[in-house]
Amino acid sequence: MSAAEKIVLDASSQQRPTFASQNYDFFLVLDFEANGAEDRSIPMEIIEFPVLKVNSKTFEIESIFHQYVQPMNAVTKFATDITGITREMTTNQPDIKATLELFHTWMQNENLLSEEVSFIFVTCGDWDLKTQLPEETKRRSIPLPHYLKSWINIKKAFHATLGTKGKTSMMGMLFKLNITHTGKHHSGIDDVKNIAKILARLASEGHVYQKTGEVK
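Bear in mind the structure is a predicted one, so any value in this text is a computation, not a measurement.

> Explain the overall build of the chain to me, using residue names and the numbers behind them.
Along its length, the chain carries seven helices and seven strands. Scaling as 2.2 N^0.38, a compact globule of 216 residues should have a C-alpha radius of gyration of about 17 Å, and the chain matches this with 17 Å. Once the C-alpha set of the chain is aligned to its principal axes, its extents read approximately 50 × 40 × 35 Å. Within the span of the chain, comprising 216 residues, buried residues form 48% of the whole. Here the analysis covers contacts within the chain between residues at least 6 apart in sequence; of these, 69% occur between residues at least 24 apart. Approximately 11,000 Å² of the chain is accessible, and the part contributed by carbon and sulfur atoms is 49%.

Have a look at this one:
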């Protein structure tokens, strides 16, 4: 990006928020979208791979990785109806193996793989990095990068900060925190931007993020 994209916590607020000191230099907000069939007749495959690099001191977006991914099975109407992603948007795009290679290059270019830099992924739920990516890479005999094996589930941070329990969703968290949703729900690139707003808001409420999930 040519300039940092500032996360707006509350359009009505004129005061710059302060954030709790964090244990990581950067948060990488990730939210996959997947192809699949309502009757589960084909395996789920990642078709959108968006990640935001968020500075843990300012909670500004410093860089974006965004890639549509060509699945082995053509994008279904079921997936398009949910995500807005069409067959045309994934045709001639990199497959998941090539996308992971592109992502690794982005990580290197952003200096995230330096020993002096600490980061952790942030997801809305555990599905992305606990289930989908490990299962898809195993099915395709693709090595799973070590840095994609741990994450923060923002839902757990939300409950810890507000002292609540039970099931929640991105839309439910935005509503509870009085944050305006922007973009299309289940568009990966829009969802990561909304999750980043939640990430920043909880930090402004004093939450210090800790790893919540890990694949051995």
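> Which residues make up the environment of Asp191, and what values go with them?
Looking at the element boundaries, Asp191 is found in helix 7 (residues 188-204). With 141 residues separating them in the primary sequence, Asp191 and Pro50 have C-alpha atoms 9.1 Å apart. Not counting residues up to four positions away in its chain, the partners in contact with Asp191 are Asp31, Glu33, Met170, Lys184, His185 and His186.

> Provide a residue-level description of the pairing of strand 3 (residues 45-55), including the pertinent values.
Among the 11 residues of strand 3, 11 are classified as buried, and the element is accordingly described as predominantly covered. Pairing of strand 1 (residues 26-30) with strand 3, which is carried by five bridges, proceeds in the antiparallel orientation. Opposite Phe26, over in strand 3, you have Asn55 as the bridge partner. Where strand 3 and strand 4 (residues 61-68) come together, seven bridges link them in antiparallel fashion.

> An account of unusual backbone geometry is requested, with residue identities and associated values reported.
Glycine aside, a negative phi is what most residues show, and trans is what most peptide bonds show. Even without being a glycine, Asn178 presents a positive backbone phi close to 60°. A positive phi angle, near 75°, is found at His186, a position not held by glycine. Relative accessible area serves as the criterion here: at 33%, His186 is assigned to the partly exposed category.

> Describe the packing of aromatic side chains, with residues and values.
Per the counting criterion, the structure on display carries 13 aromatic pairs. On the basis of an interplanar angle of 80° and a centroid distance of 5.7 Å, the ring pair of Phe49 and Phe65 is categorised as edge-to-face. Here Phe65 lies in strand 4 and Phe49 lies in strand 3, a separation of 16 residues in the sequence. Given the relative accessible area of 0%, Phe49 is considered buried. Ring geometry for Phe103 and Trp106: centres 5.5 Å apart, planes at 20°, overall stacked. You can see Phe103 and its partner Trp106 sitting in helix 3 (residues 96-109), three residues apart, about one turn around the helix. Owing to a relative accessible area of 10%, Trp106 belongs among the buried residues under this scheme. Grouped by ring-pair contacts, the aromatic residues Phe32, Phe49, Phe65, Phe103, Trp106, Phe119, Phe121 and Tyr147 constitute a single cluster. The ring of Phe26 has Lys53 lying over it, and the distance from NZ or CZ to the ring centre is 4.5 Å.

The rules behind these values
- Residues numbered from 1 in each chain as written.
- Predicted model: local features only at pLDDT ≥ 70, side-chain atom pairs only at ≥ 80, totals over all residues.
- Heavy atoms only, no water.
- Helix = DSSP H or I, 4+ residues; strand = E, 2+ residues; numbered from the N terminus.
- Rg over C-alpha atoms; globule rule 2.2 N^0.38 Å.
- Buried < 20%, exposed > 50% of the residue type's maximum accessible area, 1.4 Å probe, protein only.
- Contact = heavy atoms within 4.5 Å.
- Areas by Shrake-Rupley, 256 points an atom, 1.4 Å probe, with all protein chains shown as cover.
- Pairing = 2+ DSSP bridges.
- Phe/Tyr/Trp six-rings, centres within 6.5 Å; stacked < 30°, edge-to-face > 60°.
- Lys NZ or Arg CZ within 6 Å of the ring centre and 35° of its normal.

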